[in-house]
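# Structure at a glance
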Amino acid sequence: MVLSKTNTDKICFPSGSKSSSAVAQNHKSSSISKKLQLYIYRYNLWTGLYMLEPRERIAINTLFGFLFLVWCWYTNMFLRGLLNGWNQATFTTTTADSA
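First, a word on scope: everything that follows refers to the structure included in this document. One numbering rule holds for all chains: residues counted from 1, following each sequence as written. It should be noted that, the model being predicted, local features are given only for residues of pLDDT at least 70 and side-chain atom pairs only at 80 or more, the latter also being counted only at that level, while totals for whole chains, interfaces and linings use all residues. In computing side-chain properties, one takes all heavy atoms of the structure into account and sets aside hydrogens as well as water.

The next subject is the overall build of the protein chain. For the purposes of this entry, the term helix denotes a DSSP run of H or I that reaches at least four residues, the term strand denotes a run of E that reaches at least two, and both are numbered from the N terminus. The number of helices and strands found in the protein chain is 2 helices and 0 strands. Classification of the 99 residues of the protein chain by burial places 6% in the buried group. Note that accessible areas follow from Shrake-Rupley with a 1.4 Å probe, and for residues the cover is restricted to the protein chains shown. About 9200 Å² of surface is accessible on the protein chain, with carbon and sulfur atoms providing 66% of the total. Three exposure classes are used, based on accessible area relative to the maximum for each residue type with a 1.4 Å probe and protein chains only: buried under 20%, partly exposed in between, and exposed over 50%.

This next bit is on the side chain of Asn44. With respect to the helices, strands and loops of the structure, Asn44 is situated in helix α1 (residues 20-47). Take Asn44: its relative accessible area is 9%, and that puts it in the buried class. What Asn44 contacts, discounting residues up to four positions off in sequence, is Leu49, Tyr50 and Arg57. Should any heavy atoms of two residues lie within 4.5 Å, those residues are considered in contact.

Our next topic: the pattern of salt bridges. In the sections that follow, a salt bridge refers to a side-chain nitrogen of Lys or Arg positioned within 4 Å of a carboxyl oxygen of Asp or Glu. With the rule as written, the count across this model stands at 1 salt bridge. Residue Glu53 pairs with Arg55 through a salt bridge whose shortest N-O separation is 3.2 Å. The exposed category is assigned to Arg55, whose relative accessible area is 60%.

This next bit is on the environment of Ile60. Position of Ile60 among the secondary structure elements: in helix α2 (residues 54-98). As for Ile60 and Leu49, which are separated by 11 residues in sequence, their C-alpha atoms are 8.9 Å apart. Setting aside chain neighbours within four positions, we find Ile60 in contact with Leu49 and Leu52.

Before going further, it helps to spend a moment on a nonpolar patch on the surface. By definition, no residue in a patch forms a salt bridge, and every one has over 30% relative accessible area; like charges are joined within 9 Å, nonpolar side chains (Val, Leu, Ile, Met, Phe, Trp, Tyr) within 5 Å. A cluster of nonpolar side chains, namely Trp73, Tyr74, Met77, Phe78, Leu79 and Leu82, defines an oily patch on the protein surface of about 690 Å² accessible area. Position of Leu79 among the secondary structure elements: in helix α2. Given the relative accessible area of 42%, Leu79 is considered partly exposed.

Spatial relationships are all this shows, so hold off on functional conclusions.
Below is the structure:
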């Protein structure tokens with residue numbers, strides 16, 4: 001069995017009756033949105049969310065986004081406490097040595 005060489009991730013350059021400079025300018029202005037759509041498409045494929053309806057994807061992404069923010073907040077609080085404890089231990093060691 002021979003597999004054909006197709007690339008579904010590739011966003012093709014638009015073809016039509018426009019001149020090449022107009023097509024190139026149109027391609028530059030919409031390349032950011034096409035790249036964003038490509039990244040969203042790949043994210044949905046990689047995570048398996050492509051099988052869900054849009055409202056279900058929004059709910060799951062909102063949940064994971066919230067959990068990620070809570071994790072970032074907790075990590076920030078933990079690292080601040082760790083650094084404050086380290087600085088306090090260093091300060092008490094330094095003052096005890098100098099006395």
